[in-house]
Every structure is written in structure tokens, then in C-alpha cells.
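These are the residues of each chain, in order.
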Amino acid sequence: SGILLYLILTHQFQYAYVYQYSSRDLPTHFLFSSFWAGQEGSFLLWILFTAIIGFVLMKTARRFESPVMAVIAVCQLFLLSMIVGLVIGPVPVGSSPFMMLAEKFPEAPMLQVPGFVPSDGNGLNDLLQNYWMVIHPPTLFVGFATMIVPFAFAVAALWQKKYTEWVRPALPWTLFAVMILGIGIAMGGYWAYVTLSFGGYWAWDPVENSSLVPWIVGVAALHTMIVQKKSGSSHKAALFLSILAFMLIVYSTFLTRSGILGDISVHSFVDLGLNNQLLLWILTMGLMGFGLFALRYRALPVPQREPDYLSREFMIFSGALLLCALAAVILLGTSAPIFGRIFRDNPSTVPLEFYNKWSLPLSVGFVFLAGLGQLFWWNKMSVENVNRVLLKPIALSVVSTVAVLLLTPFAERTAALGTPAAPAQMAQAGMLAGLGEFWSLYGTGLLMLLLVFVGFFAFFGNGMVLWRVGRGNPKLAGGALAHVGFALLILGIIASSGFSNALAPAAAVDMGGERKNFVVERGQTTTVNGYRVTYAGQETTERGRPVYVLNVEDPQGRAFTLRPVVYKSSKDQWIQHPDVRMFFEKDVYAAVTPSVMFDARDADKRGQLTLARGDSTTVGNAFAIAFRAFDTELDSATLPDSTEIAVAAVLDVTHLASGVTRTLRPLYLIMQDRSVRFLQNHIEDWGLTLTFAGMDVDTGEINLALEGVEVTPEDWLVVQAYEKPFINLLWIGIIMLSFGFGIALFRRAADYKHSRAGTD
């Protein structure tokens, strides 16, 4: 690791890895990012962290040192094989970060000249040139590396038949693993929020999911370990989930490093030919963990009686089951392309609705249990005690939920999810069919309302426990603090996503596009949703990149400036970095597309416009256009002879003066001789002609040529802006959750140290 970092910092471009991921113009902190920008470097970082963890375990594992270090060594052996870069006969073993340029690119003539060294490198991906990318990947890999420890202790316990003693030394490591992995995931979400132009922090992308799933299972394992230590039950669940959490780390590595998702994820994937090694790693660790678990299953301790339904043990175990169900849903959706290859050559990923549909009811369940768990006692509670401890948090949750309904647009947002059926139609359909119809229309809204209620319940219930325990012994407050943070996280997700408000003209909002834009000229002011937005001009960053200055005044009269950045990278790609202004109760977020990104217009008022699917925008202050979808199911009888491929762009065009909306379907044709033809749509009374002039298959964007309207003045911006209410609850919740894990970590580490001293 030290050698690779030295080569990067001293610009040794004769090495392929250094050439591919660094350049002379990068600041020092981004040169550090170059270390883990590629797969070979990130594997090396993982190896480094595993080595450090191994040294710590050699000093602390004591009775478990030999079997634990054996498991660590096997894992380290596989990780090292990923970067060894040897060829044994016809079989390549790994890809080395120290490969020379001429060796990696043997077909490039200039690289074969003895002594030739490029003067500069290819540089770091522009999207990775962000402060959060300096700290997010190392944090994530510390979490990946640490997750091996509870796995190793579980295997050691099965190996040595010490089925109860392993939990005490493994608990602090499990707490650290889920804490640091959770922080790493949150950093990645924040990077997406402030760097990418889609205005969100989570997109159910395979790379995001592949780190989230092990974290969820790790949290479930942590809770079952606590139950085992406290009450002597859940032995099997604690062992099984500790093994499964690390197995999912290995499986997620296969998903993201094998190239199998290269055409599906927005992240960059490179197939280094490691598929066989990764599969062998999965098989070996699976046999080691689950094989021993199956072998020892009958010998594992069984509790004298099952936990009572009204007990903390039962609530925690039920919550762990729901967490595992959520992890299974996400894993199934992420792995769908792998299963799809059985039936088709180019399988697609599942739609986002799949994750939202299944995660919502499961989230309602485990968030509710997160509120109950801390309120209930160990072993058993009476019904009278249950009523007593639940009265205040339920009452406060009802009041808070009603306040949300009355003071926010929650009701109208959820009502928009379905259109009410006629009562007579529902009655004729029969009771069961009528209930099904009702649920299909209102089910999502009701579940969202329930999630708001249980979010408040988890907040107030755990808040009361935190207040009581924190005043007595703050060292015991870690669990309650973590649960309060989790409740705030859930409420922040609901507020920032459910109440997110796109700033756009009314016509664009009415058309219901996924991303709604508006156009503002330089020096002019546009009013949207109560916000006054003025395009004041341009500035430049220290690195010479253009900054577009937007002076904004919000409905509360607060004036501020947003400075989104847009520039063309060295790889001839347009890079957009939004800007965010944070207030206590909301964020205002804006990304821009400047006029220089569009083709120049000629004298006959012919314009060019680029739209992604779901985008809507105004043109010439006369029309609003929304790109709905592609349509390839066309009637061949209506197409010209010798048409090979025909695609229609389904567009909703609104005439702003009259408010009339029409659906147009201009055609893009590829003929049998490979020539391209366009079938225009012309609206006579509006004097507008649209031509589907081109498309980008990878991004789903289309180019539209317009006649009869001037698309824009000479200097203008297309602005995509959002208001994100109470998104700070999300970030505050993550911080509190992490601090809660940290307090519990120090408590469990001190407990283990004390017990170890007693043993010595």
C-alpha cells in the first residue's frame, strides 16, 4: 500500500494503475482518492485494513486467537489472490496494481518504445473529485474488513464448541462493524446528494444495495447476539446471522467486481476476470461458516423455554426477522439480472417500484418494533405494565401524526397515488373484490401514514427511555440513543422524499414529469412556487471550471445564492455538480444545464432540445414539453417500406397561452440500408413542428429539433430545483444512530476487558 501510494504521489505514469487513475493537476487529497479509484487499489486497501484488524485480534482474541486468526488468514489469502497478477498456465490469477503500461496495453505501439513514459495520466473520474470520495470508500472498506470478525468468532465458536463464550468478545467488533459500515453508506448517500444531479441520496442502485444488505443483516445479528448474552436464547440466530452478514459482503463483492452488473448500474464496473476466484471465495467461506453450522446444529444450546410474547427478547427477535426479510427483498431485486440470465441474454434490473412496494410494509413492522423493544422488559411483562409504558408514546404519536395530516400536504400527496372508484362499482364487485380495489387505490397511502405513526412512536418511546437511562447512567444509553436516531432517520426520509417539492412553472408540474425544469435568462428573474430566481452570471472555480450564479429569494423572504458547477471534462463528458443551501427546516437544491450544452440555433428559429425520460421543460415561454417514454410497438403498416427499426418519442406538449395539452409521437427510423429518416409532427394552429432527431441509448435521452419557436435566448439556463423539507432529520438521525453505536461499543468493550481481566 505504501509503495502504490508513493508511485501515485510521485506521478510514476509508467505504471498502468497510476496512469489510469491519476494526473498531475489533481490536488493531493484527490491523489489519495486515486489509490482506491480502481479495483486493484480498492482490494489492496481492503487487504491493508484486514491486516490491521488481524494484528489487533492477535492481542485481544485470547482463547479464540488460533481459530479466529485461521479464518482471517483464509480470507486474506483470497483477497491477496485478487491482486497477485500471476498467470498459471492458461489461468490468470488476479490483476496487479503494479502492472506496467506496456504490459497492460501491449497493442499500443508507442508504449513499446523502451523508456517511454507518458508526461501525464488519464486522471480521476470527475464525479469522484469530491471531498466525500476521499473519506467514503476507506470508511466503507473498514466496515467490509471488520465484518469478518463476528464471522470469524462464530466459526471459532462452532469449531471449538464454545457456543456461548464467543458473544462477549465478538459484540464490540460487531458494533464497530455496523457503526462504521453505516457511516460509510451514509457518506455515499450524501455524496450522491451533493454531487449528482438527480436530487436524491438513494436510488436503489446495485452498488448501494450491495453494501446496505450486509449492514441490515449485521444489525439483525447484533440484536440477536445481545439477546443471547442477556437471556441465553437465540444461539442459532446469532451464529447464523453473524455468518450470513459476512457472506453477503463476499457476495456483494462478486456482484460489483465480476462485471455482471456492468450494463445495469450507474456506477462504473470493470471485469478483471476475477469471476472464478470470487466464486471460489464465496464457496470456501460458505462451507467454512454454514458447513460448520449445519454440522454442529443439533449440539447448539436450546433455551429451556421460548421467550414470552410480551418480552424484549421476543420483540428483538421479531425485529431481526423483519430486517432479514427486508434484506432478502433487496437482495432478490439486486440479483435479478443474474437469475434473468438463465432465461435471456440481456436481463434488466427490477423497477424501483419493486423495492418501494416491498420495503414499505416491512419498514412499518420493524420501525414499530424498534419503539417497543426498549420499552419492554426482559423475560416478561404483564398486560397492565404494557398499557402503562405504551400510553404516553402512543398518545404523543397520534397527536404528531394528526398534526402532519393537518399542517402538511401529506393527505393530498398520498391521495394522488390512486383514483377513487365509484361506490356502486365497488359494491357490485363483492366484499373481497371491493376490499382489493380499495387497497390497490389507497394501500400505499395508508402504509405511508402508518410509517409516519410508527416513526413518531419509535422516537417518543425511545426518547423516554433515553431520558430515564441517560440521567441515571449515560454509559447505558447507547441503545436508546441509536433507536432515537433511527426514528429520526425514518422521519427524515418520509419528509424529504414525500414532501419534496419541484420548483417549476405550473404547466410543467401539471404534466407530472419525474424531473421538472424551468428556463431562466441571464439577468432575468423567474418566479416559481413562490421562489424568485435570478440568473446573475458566471464565475470560475480555482481550477477554472464555470460556476453559474443564481440569486434566490424564498417565500419566507430569505435571500441566498446558489452556485452550481457545469463543465466539460477531459473525457469530453458534461459534468454537473449541483449546489445546496441548507436551512433548519429545508434544503434548497439546484442543478443547471447551460445553453452551451445545446446545439447552436440558426436564423430560421430552428432549435435543439435534449430531454431525458420523465423530464419536462418550457421552451420559448410558449410551450411546455414532457418526454414520457419510448414506443417501439408500432404498426408496420403505417411505416415506410424498407423500415428496419422504428422508435416513437411520446411527448406531451402544452400550449401555455391556452393551457391545451396534446400528445405527439415523432418517429425516428432506421432503414434497411442503414440510413436514418425522421417523421415529424406538425401542429398547424400552433405553428410548431417537432422532429425526433436523435437519441442516446445508454442515457435514455432524446434530441428534439423544433421549428416555429425560439427555444431560448443566447445565454440561458435550464434549472432543475427542489425544496427538500426537513431533510436535516435524516442527517441528524444518522449522526445520533452512529453515536449510539459508539456508546454501546465502548460499554461492551469495557465489559469484555473486565471479564478478560477476571479470567486472567
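Figured I'd write up the structure that's included with this text. (Residues numbered from 1 in each chain as written. Predicted model: local features only at pLDDT ≥ 70, side-chain atom pairs only at ≥ 80, totals over all residues. Heavy atoms only, no water.)

**Observations regarding helix H1 (residues 2-9)**
Operational definition: Only protein chains enter the accessibility calculation, which uses a 1.4 Å probe. A residue is then buried if its area is under 20% of the maximum for its type, exposed if over 50%, and partly exposed in between. The helix count covers DSSP runs of H or I at least four residues long, the strand count covers runs of E at least two residues long, and both are numbered beginning at the N terminus. An arc is given here, and it is the one of the directions from the helix axis to the C-beta atoms.
For H1, the full list of buried residues reads Leu-4, Leu-7 and Ile-8. Take H1 and look down its axis: the buried residues cluster within an arc of 100°, on one side only. Those residues of H1 that are exposed and angled more than 90 degrees off the buried face are Gly-2, Ile-3 and Tyr-6. Looking one or two places after H1, you find His-11, whose phi comes out positive at around 60°.

**Brief notes about the environment of Leu-128**
Basically, it comes down to this: Two residues form a contact once any of their heavy atoms are found within 4.5 Å.
In this fold, Leu-128 is placed in the loop between helix H6 (101-104) and helix H7 (131-146). Residue Leu-128 is classed as partly exposed on the basis of its relative accessible area, which comes to 23%. Along the primary structure Leu-128 and Phe-30 are separated by 98 residues, whereas in three dimensions their C-alpha atoms are 8.4 Å apart. Aside from chain neighbours lying at most four places away, what touches Leu-128 is Phe-30, Ala-37 and Met-133.

**Let's talk about the environment of Thr-284**
Keep this limit in mind: Polar contact is the term for a pair of N or O atoms within 3.5 Å; when the atoms are in protein, one must be able to donate a hydrogen and the other to accept it, and sequence-neighboring residues count only if both atoms are side-chain atoms.
Checked against the element boundaries, Thr-284 lands in helix H12 (residues 275-296). Ignoring anything within four residues of it in the chain, the contact list for Thr-284 reads Val-74 and Phe-78. Engagement of the side chain of Thr-284 in a polar contact is seen with the backbone oxygen of Leu-280, the distance being 2.8 Å.

**A few points about the packing of aromatic side chains**
Selection rule: Here is the rule: rings of Phe, Tyr and Trp (six-membered ring for Trp) pair when centre to centre is within 6.5 Å. Planes less than 30 degrees apart are stacked, more than 60 are edge-to-face, and the remainder are tilted. Only Lys NZ and Arg CZ are tested; either one counts as a charge over a ring when it is within 6 Å of the ring centre and within 35 degrees of the ring normal.
If you walk through the whole model with that rule in mind, you get 37 aromatic pairs. Ring centres 5.7 Å apart and planes at 70° place the aromatic pair Phe-293 and Tyr-297 in the edge-to-face group. Phe-293 sits in the buried class, given a relative accessible area of 10%. Among the residues examined, Tyr-297 registers a relative accessible area of 41% and is labelled partly exposed. With a centroid separation of 5.9 Å and an interplanar angle of 50°, the aromatic rings of Tyr-668 and Phe-678 are classed as tilted. Pair noted here: Tyr-668 is in strand S19 (residues 667-671) and Phe-678 is in strand S20 (residues 676-679), with a separation of 10 residues, a long-range link. One aromatic cluster in this structure is built from Tyr-131, Trp-132, Tyr-190, Tyr-193, Tyr-201, Tyr-589, Tyr-722 and Trp-731. Note that Lys-162 overlies the ring of Phe-64, its terminal NZ or CZ placed 5.3 Å from the centroid. One Lys or Arg, Lys-724, reaches over the ring of Tyr-722 and ends 5.3 Å from the middle of that ring.

**Regarding the pattern of salt bridges**
Keep this limit in mind: Each salt bridge in this description consists of a side-chain nitrogen of Lys or Arg and a carboxyl oxygen of Asp or Glu lying within 4 Å of one another.
As enumerated under the stated definition, the model contains 12 salt bridges in all. With its nearest N and O atoms 3.1 Å apart, the salt bridge here joins Glu-539 to Arg-563. Linking Glu-539 in strand S7 (residues 531-540) with Arg-563 in the loop between strand S9 (559-562) and strand S10 (565-568), this pair joins segments that are 24 residues apart in sequence. Residue classification places Glu-539 among the partly exposed residues on the basis of a relative accessible area of 34%. A single salt-bridge network, built from bridges that share partners, covers Asp-554, Arg-558, Glu-585, Lys-586 and Glu-723.

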